[in-house]
There are 2 protein chains.
Amino acid sequence: MIETSQKKLSGPIIRLHPNDNIVVARIDMTIGTEVPSENMTCKSQVPAGYKIAARKILKGEPILKYAVTVGFANTDIEPGYMVHSHNTDFREFDRDYAHASEFKPVDMIPENERATFQGYVRANGRVGTRNFVGILSTVNCSATVVNKIAAWFTPERLKDYPNVDGVVAFSHSIGCGMEMTGEPMQLLRRTMAGYATHPNLAGALIIGLGCERNQLKGLMEQENLSEDSNLHTFIMQESGGTTKTIQAGIEAVMAMLPKANSVKRETVSAAHLSVGLQCGGSDGFSSITANPALGAAIDILARHGGTGILSETPEIYGVEHTLTRRAASREIGEKLIERIRWWKDEYSVGRDVQINGQVSPGNQVGGLANIFEKSLGSSMKGGTGPLMAVYKYAEPVTTKGFVFMDTPGFDPVSATGQIAGGANLVAFTTGRGSMFGSKPAPCIKLATNTPMYQRLTDDMDINCGEILDGTVTLQEMGQRIFELFLRIASGEQSKSEELGLGDYEFVPWQIGIMS
Amino acid sequence: MIETSQKKLSGPIIRLHPNDNIVVARIDMTIGTEVPSENMTCKSQVPAGYKIAARKILKGEPILKYAVTVGFANTDIEPGYMVHSHNTDFREFDRDYAHASEFKPVDMIPENERATFQGYVRANGRVGTRNFVGILSTVNCSATVVNKIAAWFTPERLKDYPNVDGVVAFSHSIGCGMEMTGEPMQLLRRTMAGYATHPNLAGALIIGLGCERNQLKGLMEQENLSEDSNLHTFIMQESGGTTKTIQAGIEAVMAMLPKANSVKRETVSAAHLSVGLQCGGSDGFSSITANPALGAAIDILARHGGTGILSETPEIYGVEHTLTRRAASREIGEKLIERIRWWKDEYSVGRDVQINGQVSPGNQVGGLANIFEKSLGSSMKGGTGPLMAVYKYAEPVTTKGFVFMDTPGFDPVSATGQIAGGANLVAFTTGRGSMFGSKPAPCIKLATNTPMYQRLTDDMDINCGEILDGTVTLQEMGQRIFELFLRIASGEQSKSEELGLGDYEFVPWQIGIMS
Ligand SMILES: [Ca+2]
Ligand SMILES: [Ca+2]
Ligand SMILES: [Ca+2]
Ligand SMILES: [Ca+2]
Ligand SMILES: [Ca+2]
């Protein structure tokens, strides 16, 4: 699919696919620049990352990028002219889902030859990449308490527990004033349970106020949770209030620490890696550098038996047919289409959001004309392999390989769903420069372009802009990312971990109303 | 309206209004308890706070509490039997709004005789009760940065600035992945502006990521904000990333501190007090003790020229006609009814939330049969005076006296709207035991019953259970609360301030979808 994957880029433009009628400016181009490879002369001032007509495109003709329709010419466009929102229409068109028609099983690497990392093997066989103690609130009313318990465990107080990565609070703004039954409450409880039992936690506390709609008892029942040495619960109204609950919580964590500290990293197969795929602040290079490079890494990971979770449903809308065709079965494809139908026909009706046609301010500046083009780029994070499963938000991800989870595009909400589903690593591509970081799954950030990487070097883990600079191929970058996965999973700190991010990024999808 | 307001309670029951067909158990009552004042014998086991039929109530007859209909008998009920959800129907009925028909202006205390407190008079004439520096995030993506800046300013580092109450972060979980235009974004921006310019702040920073939907520029334009010595802004993508923005923010706050520290408290009229009224975890005593006592305090405050802001629209639904009748004009009454119509006919359609009939788990246990009864109690926090204005969420409250602001019932979201509107104090009644606290406006908590007060004494500021115990009248408690307002406004720490609450309670109403 990706013409450039094995060769280093050079020259003023990038041709993404032989069938495309556009090419992408690799550098800022001035009027009159000759493009011998396309037998074309540039007729517009075209900023790097923007599209140029490679041949005459007639009014009404589809604009083809990576051989996928990303819009329609709203006028005749001569070769050499810039192609952007001024001469492109965004409109719905029939996409043939052709479920499973292009399914091709992954060429798996034999188990004994697979890559490994140093992970924490839990009693239930799941594998962690970090070793935290987590403290969750059922409701905003217990947020201060869970945060104060976590804050008490300073590095100084944890110095006798070197194998514990920290005590971390997962508070949120909901849990009461919300719908008591149905998906809004079920989703919140799924999300909380996914964190409380995450392999990156050695143990957890869950703390409620007492009178909230998200009753602790209901949470435990729905999610089949029970108190044991790794999971304790408190209700503030029964524990004597704020101060006494904080004290009780500190004591409970103290009692957990020796056991939490006793676990050791051991060599495990890369098959235990589950990577949540994110993008935020995309630009015109996302689809050329970081996203397909991350996709190349996921293709490699899938061959080693691991899992890549693509999400952000509004950001695959328009190219869902490229996923359904790769689905392992019609059912998997149809599950994806049902999620999109819900977004379009129920959830987003009449709302001024991306799935209805408007990309974010940062994206427009970055050269993305419309949401189809953004979606094309976003979907590349998942690689080119078969789609093995589709999950609802925060459902446990149990199928290996390339899978999809329905989440919003908003980064913290999307990553929270993936981590709740079991992702033990997050890989985040960004063009404008996201500063995201997550706990308990560490997050690595992949820059799409070199100038941003250099500007925000404290925040970026890897510079996929090198692909654009012509110093490395897409395939080489994919391998480099895969190797970074293994190192970070084994305990190397990512940039966002060094910066201490992740304490404000637990944001369960509030899918109902606040009342 | 409140029969018991001037006399101490005694005996097994409480008669709330001469016209009521129910009375309320003051203590747990056993079968056979004689009630001479009602010429009735108790025929059920009735827990304290629950209702008892004072005379025979025929099937279909309204249940009258405070002379307001809170339900309909679904069977004939003999005197002495408990009246609760098992024999009460909850159904819609016509309520005559009779706009402004019972309007009676407040009997104002002459300006020179009004109570005073020690407040911070700002350059624009508004008066603060605290003196913080605030740091706001435009989007979840800058949450870590604003919190890390605030956390840097430990008491040790602030010790040369004794008049500064602290540096506080106001981060939230939204700002991107949301509707870009219309009420969802306008509301968020109103809320942020209300905090950034709050009289309890000496100065503020606003920090954005750069590519978010809630663009800093759009925020500043919509809210007519501009940078000056009291308001600085940063965009992380332009400031070199996480670490550099934190450093720049710390330096900006450092530069603000000398001026922030130079302000001194001075004597001002109680007319500058604006109290946000909250309840959470209500019980059967809320409507007998804490809520009407808080209402009595608001009646006093209104006579001194101050403001009380009633909110929580779902929690006045069913008794809105008691407010429209007291409205100062038909327009004010109609504005309230329009808000309720929007909740019922648009926002909450098909949702499992309180306005559609279901009270929270904590409320049902507390003896509240249905939402009308809960609403009756909730509305009493506003007192008995005329309704002077109705505001949308987070709109600046500029009218004095008793006013209403449309908010959800969920405590942090409701209080955030009131504080954004200018509330410089929050008064919170609770039966089950809320642990709420807010910044930059301090919050006092009023217990409805003595056992809870004693159980959660570290969290409760005042025990309105004394009314039930018969040691103080409602009017005396109202005066005591009013005097606490003045002391807390003058700098005395509330319980929730001593506990350090308020760092997780800034929760703007997410009124749109997360996408
Ligand atoms: Ca949080
Ligand atoms: Ca995203
Ligand atoms: Ca409330
Ligand atoms: Ca509540
Ligand atoms: Ca917050």
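Every chain is numbered independently, its residues counted from 1 as its sequence is written. Throughout, the order in which chains and ligands are written sets their labels, letters from A for the former and numbers from 1 for the latter. Local features in a predicted model are, by the rule used here, given only for residues with pLDDT of at least 70; side-chain atom pairs are given and counted only at 80 or more, and totals for whole chains, interfaces and linings are based on all residues. Working from all heavy atoms in the structure, the side-chain values ignore hydrogens and water.

**Quick look at the interface of chain B and chain A**
Move 1: If you look at the interface, chain B gives 71 residues, while chain A gives 72 residues.
Move 2: For the pairing of chain B and chain A, the buried interface totals around 5,700 Å² over both sides, and the portion due to carbon and sulfur atoms is 56%.
Move 3: Of all residues in chain B, Phe410(B), Tyr504(B) and Met514(B) give up the largest surface area on contact with chain A, accounting jointly for 13% of the area buried on that side.
Move 4: Here, a salt bridge means any Lys or Arg side-chain nitrogen found within 4 Å of an Asp or Glu carboxyl oxygen. Connecting chain B to chain A are 2 salt bridges.
Move 5: For Glu179(B), the salt bridge is made with Arg351(A), and the minimal N-O distance between the two is 2.9 Å.
Move 6: Residues adjacent in sequence count toward polar contacts only when both atoms are side-chain atoms; beyond that, a polar contact is any pair of N or O atoms within 3.5 Å, and within protein one must be able to donate a hydrogen and the other to accept it. Run the count over chain B and chain A and you get 28 residue pairs in polar contact (both at pLDDT 80 or more).
Move 7: Secondary-structure elements contributing two or more residues to the side of chain B that touches chain A are helix H1 (143-152), helix H4 (242-262), helix H7 (330-347), helix H8 (361-365) and helix H10 (411-420) of chain B.
Move 8: Where helices and strands are cited, they refer to DSSP runs of H or I of at least four residues and of E of at least two residues respectively, numbered from the N terminus. With 4 residues, H1(B) is the single largest residue contributor to the side of chain B that touches chain A.
Move 9: Within the side of chain B that touches chain A, the residues separate by chemical class into 31 nonpolar, 28 polar and 12 charged. Contacts: residue pairs with any heavy atoms within 4.5 Å of one another. Buried area adds together the accessible area that both of two parts lose upon being put together, with accessible area traced by a 1.4 Å probe. Residue type decides the class: Asp, Glu, Lys and Arg count as charged, Ala, Val, Leu, Ile, Met, Phe, Trp, Tyr, Cys and Pro as nonpolar, and the leftover types, Gly among them, as polar.

**Re the packing of aromatic side chains**
Residues and elements named next belong to chain A.
Move 1: Aromatic rings from Phe, Tyr and Trp, with only the six-membered ring used for Trp, were paired whenever their centres fell within 6.5 Å, and each pair was classed as stacked if the ring planes differed by under 30 degrees, edge-to-face if by over 60, and tilted otherwise. Summed over the entire model, instances satisfying the criterion amount to 32 aromatic pairs over all chains.
Move 2: Members of the aromatic cluster, each reached through a chain of ring pairs, are Phe72, Phe90, Phe93, Tyr317 and Phe372.
Move 3: Cation over ring: Arg91 sits above Phe72, and NZ or CZ is 3.8 Å from the ring centre.
Move 4: Whether a charge sits over a ring depends on NZ of Lys or CZ of Arg being within 6 Å of the ring centre and within 35 degrees of the ring normal. Residue placement shows Arg95 over the ring face of Phe93; its charged tip is 5.1 Å from the ring centre.

**Some remarks on the side chain of Ser311(B)**
All names here are of chain B.
Move 1: With respect to the secondary-structure elements, Ser311 resides in the loop between strand E18 (307-310) and helix H6 (320-324).
Move 2: A residue is classified by how much of its surface remains accessible, and Ser311, at 1% relative accessible area, is buried.
Move 3: Looking at Ser311, its side chain comes within polar contact range of the main-chain oxygen of Met405, at 3.1 Å.
Move 4: A distance of 2.9 Å separates a polar atom in the side chain of Ser311 from a polar atom in the side chain of Gln418.
Move 5: Not counting the four nearest positions on each side in its chain, Ser311 is found in contact with Leu277, Ile316, Phe404, Met405, Thr407, Ser414 and Gln418. The buried label applies to any residue whose accessible area, calculated with a 1.4 Å probe on protein chains only, is under 20% of its type's maximum; exposed applies above 50%, and partly exposed to all values in between.

**With respect to the coordination of the calcium ion (ligand 3)**
Ideal values differ by geometry: the angle at a metal is 109.5 degrees with four tetrahedral donors, but 90 or 180 degrees with six octahedral donors.
All names here are of chain B.
Move 1: Note on donors: an N, O or S atom is included if it sits within 2.8 Å of the metal, or within 3.2 Å for Na, K and Ca, and water is never included, so sites can look incomplete. Donor atoms from the polypeptide that coordinate the calcium ion (ligand 3) comprise Cys279 (O), Glu312 (OE), Gly409 (O) and Asp411 (OD), at 2.2 to 2.4 Å from the metal.
Move 2: Between the donor residues of the calcium ion (ligand 3), the gaps in sequence give the motif C-x32-E-x96-G-x1-D.
Move 3: Here the calcium ion (ligand 3) and the calcium ion (ligand 4) are spaced 4.6 Å apart. Of this pair, Cys279 sits in strand E17 (residues 274-279) while Asp411 sits in helix H10, and the two are 132 residues apart along the sequence.
Move 4: Residue class for Cys279 comes out buried when judged on its relative accessible area of 1%.

**Examining the pairing of strand E21 (residues 425-430) of chain A**
All names here are of chain A.
Move 1: Most of E21 sits out of view: 6 of its 6 residues are buried.
Move 2: By the alternation rule, side chains of E21 split into Leu425, Ala427 and Thr429 and Val426, Phe428 and Thr430, which are all buried.
Move 3: Pairing between two strands requires that DSSP report at least two bridges joining them. Across 5 bridges, strand E17 (residues 274-279) lies against E21 in parallel orientation. Paired with Cys279 across the bridge in E21 is Thr429.
Move 4: Note that E21 and strand E22 (residues 443-447) share 5 bridges and pair parallel. Along E22, the bridge assignment pairs Thr429 with Leu446.

**Quick look at the domain arrangement of chain A**
Interface size is commonly expressed as the accessible surface area that is lost when the partners come together.
All names here are of chain A.
Move 1: The domain limits used here are those given by an automatic or database domain assignment. In terms of domains, chain A is made up of domain 1 (13-89), domain 2 (132-262) and domain 3 (268-498).
Move 2: Inter-centroid distance (C-alpha atoms) of domain 1 to domain 3 is 26 Å.
Move 3: Facing 18 residues of domain 1, the contacting portion of domain 3 comprises 21 residues.
Move 4: Of the roughly 1,400 Å² buried between domain 1 and domain 3, counting both surfaces, carbon and sulfur atoms make up 61%.
Move 5: Across the domain 1-domain 3 interface, the total number found is 2 salt bridges.
Move 6: In this structure, Lys65 engages Glu373 in a salt bridge whose closest nitrogen and oxygen atoms are separated by 2.8 Å.
Move 7: Where domain 1 packs against domain 3, one counts 6 residue pairs in polar contact (both at pLDDT 80 or more).
Move 8: Every element with two or more residues in the side of domain 1 that touches domain 3 is listed here: strand E2 (22-25) and strand E7 (68-73).

**Digging into helix H9 (residues 371-379) of chain A**
Residue and element names in this part refer to chain A.
Move 1: Within H9, 9 of the 9 residues are buried, which leaves the element mostly enclosed by the surrounding structure.
Move 2: For H9, the set of buried residues is Ile371, Phe372, Glu373, Lys374, Ser375, Leu376, Gly377, Ser378 and Ser379.
Move 3: Capping the start of H9 is the job of one residue whose side-chain oxygen sits 2.9 Å from the backbone nitrogen of Phe372: Asn370.

**Quick look at the nonpolar core**
One recurring pattern in soluble globular proteins is that nonpolar side chains are buried together.
Move 1: What is meant by a nonpolar core is a set of buried Ala, Val, Leu, Ile, Met, Phe, Trp, Tyr and Cys residues, joined one to another through side-chain atoms within 4.5 Å. The biggest cluster of nonpolar side chains holds 292 residues, and the ones touching the most others in it are Phe485(A) and Phe485(B).
Move 2: Excluding residues within four positions of it along the chain, Phe485(B) makes contact with Leu273(B), Val275(B), Leu294(B), Ala297(B), Ile298(B), Leu301(B), Leu425(B), Ala427(B) and Ile444(B).

**Digging into the relation of the copies chain B and chain A**
Move 1: The least-squares superposition of copies is restricted to C-alpha atoms, and to residues with a pLDDT of at least 70 in both copies. If you rotate chain B by 180° and push it 0.0 Å along the axis, it lands on chain A with an RMSD of 0.1 Å. In symmetry terms, the pair is related by a two-fold rotation axis. Closest to the rotation axis within chain B is the C-alpha of Ser173(B), separated from it by 3.9 Å.
Move 2: In this assembly, 100% of the residues forming the interface of chain B have copies in chain A that are likewise at the interface, indicating an isologous arrangement.

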